[in-house]
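This is what each chain is made of:
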Amino acid sequence: MRAVKRLGALRGTAMRERLSGPIRAFQAHFTTSGVRFIGTRLLGFGIEVSGREHVPAGEPLIVAGGPHRNWVDGFLLLVALPPTPRVMFLGSEHVADQLWKRLLVFVAGGFEPVSATSSLNREALETALGVLARGERLGIFPEGWNHLDDPVREIGDFRRGLAFIAQQSERRVLPVALAGSKPLWRGKTLRVGIGPPLDPPPMDAGKAAQQTWSDALRASLQELIPPEPPEIPLERRRWPWLTDLFN
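Residues numbered from 1 in each chain as written. Predicted model: local features only at pLDDT ≥ 70, side-chain atom pairs only at ≥ 80, totals over all residues. Heavy atoms only, no water.

Attention shifts here to helix H4 (residues 122-133). A rise of 1.5 Å per residue sets the reference length of H4, with its 12 residues, at 16 Å; its end C-alpha atoms lie 16 Å apart and thus fit the reference within 8%. Every buried residue of H4 is accounted for by Ala 124, Leu 125, Thr 127, Ala 128, Val 131 and Leu 132. Looking straight down H4, one finds its buried side chains confined to an arc of 165°; they lie on one side. Opposite the packed face of H4, turned more than 90 degrees from it, sit the exposed residues Arg 122, Glu 126 and Ala 133. Following H4 by one or two positions, Gly 135 has its phi on the positive side, about 90°. (Helix = DSSP H or I, 4+ residues; strand = E, 2+ residues; numbered from the N terminus. Expected span 1.5 Å × (residues − 1). Buried < 20%, exposed > 50% of the residue type's maximum accessible area, 1.4 Å probe, protein only. Arc of directions from axis to C-beta.)

This part covers the pairing of strand S2 (residues 62-66). For S2, the tally of buried residues reaches 5 of 5 residues, placing the bulk of the element in the interior. Side chains Ile 62, Ala 64 and Gly 66 project from S2 onto one buried face, and the interleaved Val 63 and Gly 65 project onto a second face that is buried too. Pairing of S2 with strand S5 (residues 137-140) involves 3 bridges; the strand directions are parallel. Paired with Ile 62 across the strands is Leu 138, a residue of S5. (Pairing = 2+ DSSP bridges.)

This structure, assessed with the given rule, holds 7 salt bridges. Among the ionic pairs, Arg 191 bridges to Glu 48, the shortest N-O distance being 2.8 Å. In this pair, Arg 191 is assigned in strand S7 (residues 189-194) and Glu 48 in strand S1 (residues 46-50), connecting sequence segments 143 residues apart. Glu 48 gets classed as partly exposed once you look at its relative accessible area, which sits at 40%. Glu 228 serves as the salt-bridge partner of Arg 153, at 2.9 Å between the closest nitrogen and oxygen. Taken as a pair, Arg 153 in the loop between S5 and helix H5 (161-169) and Glu 228 in the loop between helix H6 (207-224) and helix H7 (242-245) lie far apart in primary sequence, 75 residues in all. Residue Glu 228 is classed as partly exposed on the basis of its relative accessible area, which comes to 29%. (Salt bridge = Lys/Arg side-chain N within 4 Å of Asp/Glu carboxyl O.)

This part is about empty space enclosed by the protein. Going through the model one piece at a time under the given rule, you end up with 2 cavities of 30 Å³ or more. For the second largest cavity, the calculated volume is near 50 Å³. Class assignment for the residues of the lining of the second largest cavity results in 4 nonpolar, 2 polar and 3 charged. (1 Å grid on protein atoms, 1.4 Å probe; cavity = no way out; pocket = protein on both sides within 12 Å on 5 of 7 lines; lining within 4 Å. Points joined across faces, edges and corners; volume = space filled by probe spheres on them. Nonpolar A, V, L, I, M, F, W, Y, C, P; charged D, E, K, R; others polar.)

Moving on to the side chain of Lys 182. Checked against the element boundaries, Lys 182 lands in the loop between strand S6 (173-179) and S7. Given a relative accessible area of 17%, Lys 182 falls into the buried group. Leave out the neighbours within four places in its chain, and Lys 182 touches Arg 69, Asn 70, Leu 148, Asp 149, Val 152, Lys 188, Glu 228, Thr 243 and Asn 247. (Contact = heavy atoms within 4.5 Å.)

Take the packing of H4 against H5 next. Interhelical geometry of H4 versus H5 gives an angle of 40° and a closest axis separation of 10 Å. As far as their axial angle goes, H5 and H4 are oblique. In terms of crossing hand, the pair formed by H4 and H5 is right-handed. Across the interface between the two elements, Leu 125, Ala 128, Leu 129 and Leu 132 from H4 touch Gly 161, Phe 164, Ile 165, Gln 168 and Ser 169 from H5. Class assignment of the residues belonging to the contact of H4 with H5 gives a composition of 6 nonpolar, 3 polar and no charged. (Axes fitted to C-alpha atoms, helices over the stretch in contact; angles between N-to-C directions. Parallel < 35°, antiparallel > 145°, perpendicular 65-115°, else oblique. Left-handed = near helix turned anticlockwise from the far one by under 90°.)

Here the focus is the environment of Asp 149. Position of Asp 149 among the secondary structure elements: in the loop between S5 and H5. Looking at Asp 149, the relative accessible area reads 68%, which means it is exposed.

Here we come to unusual backbone geometry. Omega for the peptide link from Thr 84 to Pro 85 comes to -10°, which places this bond in the cis form. You can see Pro 85 is positioned in the loop between helix H2 (73-80) and strand S3 (87-92). For the bond from Lys 182 to Pro 183, the omega torsion is 0°, close enough to zero to count as cis. With phi around 60°, Glu 170 is a residue other than glycine that occupies positive phi space. Its location among the elements puts Glu 170 in the loop between H5 and S6. Owing to a relative accessible area of 59%, Glu 170 belongs among the exposed residues under this scheme. Positive phi values are uncommon outside glycine, yet Trp 239 reaches one of about 55°. Secondary-structure assignment places Trp 239 in the loop between H6 and H7.

Encoded structure:
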């Protein structure tokens, strides 16, 4: 009887593994389409993307975005990149602090909550490596979660967390720079610039080498930031409250 139960459990696990790929692919397409509909149709954003030719087809790499100045930045990356492999973000426990945000995150399905109490905490690292091991893309903002009020065109310092994840997973890193996500209004143009993937640090790289690699990634992202979209007078901006809504 125990052998039969064990065999049934193994078959159930195998079936879930066979189904997980198609399910994730469907969810990735649904997520990207839904986010694009909300952004471009409901909110009227114009999204301009350059450098899509740098995205390697089918590669489960790390997507490093910046500067991160608005809650909408993660969804902007979802629209800019191909739907598969899907992008999974590590979100702080405060990423969905309002009901509508929790609902949107649930629909998008591309977020995994982790603690933000440390820049190099074990929970976040293990979760990140798990995402990449499943063959998905890992979306991350290397500045961290405390830079929303920093200058919109100056990327903050990077620590070693992303370098460690890239090193341990041996995954390449795709730099993606953003412009225009703050301030927001209905019809605002948002711009995305994608650069060539960067190789991870070698496995024998120590802390100093990891930090040097992180500084080089930061410099690449800084150079990639697209030109700021044109401004319009305050009185002509529709729904200017979007800035605070997504803050």
